[in-house]
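Fold and contact review
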Amino acid sequence: MDDNAFFERAILAHAAGPEDEDAVRSLRELFTADEFAAWEAARRSAFPVVVSVEHDDENDRYVAEWGEFGIQGSSPSSYEAAVDDLVGHVRAWSDELRDAGPRLGTTPGLAGLVAELDGVSDDELRTYLLVRVSFDRGGLTFRLAEFVEEDGTTTQRAVPFADGRPPAEMDLPVPGGMKTYQSSTRSGRVAFSPVGAGPSIADTLRQEDPTGDRPSTR
């Protein structure tokens, strides 16, 4: 798949949970049956290790990293190929930990993770890693937000939050062009609506604090 499709799948899969019905419906369409089953298993797993991906601009390579263990895969061609390369490195790391455990000792968490990896084939391990991909980096995270159309229908999308704050506006492709949505926040929930069809963040803040005494967020 191309990078855009990979990105769309990954940010939605990382942001969504089993209770997010609309996002789950979208994932069923974007994932194969095996991938969706692996994503569900990942959400239930006692070992929520993620695969962080990024593009190394200096070396012009895609990089995929296994949790906080310093295990990396890379490729000059795509994010997906970097995950493919990561499979062998994770397998070798897991095998080494298992073999060294009786001699050097291990922790219950690592032992459980190794046992989970031992339970999947190499093909299944690739899927295991693909559904754990995350593009979160530093203060940039992707979270779910509802997009409410003029007719009241809603969809869930993963959107970028910078230091915990959603974008004020987003432009999304629609048939025939682009459409601008504005965000609003109430009681910690973020929603987007077409410009002119709903309250903006500024409107919401005025409703929640009509005195205007709310501290500046700038």
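Up top is the structure these notes are about.
Basis of the calculations
- Residues numbered from 1 in each chain as written.
- Predicted model: local features only at pLDDT ≥ 70, side-chain atom pairs only at ≥ 80, totals over all residues.
- Heavy atoms only, no water.
- Buried < 20%, exposed > 50% of the residue type's maximum accessible area, 1.4 Å probe, protein only.
- Helix = DSSP H or I, 4+ residues; strand = E, 2+ residues; numbered from the N terminus.
- Contact = heavy atoms within 4.5 Å.
- Salt bridge = Lys/Arg side-chain N within 4 Å of Asp/Glu carboxyl O.

1. Quick look at helix α2 (residues 21–30)
Taken residue by residue, α2 has Asp22, Ala23, Val24 and Leu27 as its buried positions. The inward-facing, buried residues of α2 abut α1 (3–15), α3 (33–44), β5 (140–148) and β6 (154–162).

2. A word on the pattern of salt bridges
Note on pairing: side chains with opposite charge can pair once their charged atoms come close. By the definition in use, this model includes 11 salt bridges. The shortest N-O distance in the salt bridge between glutamate 80 and arginine 126 comes to 2.7 Å. Of this pair, glutamate 80 sits in helix α4 (residues 79–104) while arginine 126 is found in helix α6 (residues 122–130), placing the two residues 46 residues apart along the sequence. Looking at arginine 126, the relative accessible area reads 25%, which means it is partly exposed. Of the charged contacts in the structure, one is a salt bridge between arginine 126 and aspartate 84, with a shortest N-O distance of 2.4 Å. Separated by 42 residues along the polypeptide, arginine 126 in helix α6 and aspartate 84 in helix α4 bring together distant segments of the chain. Judged by its relative accessible area of 36%, aspartate 84 is partly exposed. By sharing partners, the salt bridges in this structure join Asp95, Arg98, Asp99 and Asp118 into a single network.

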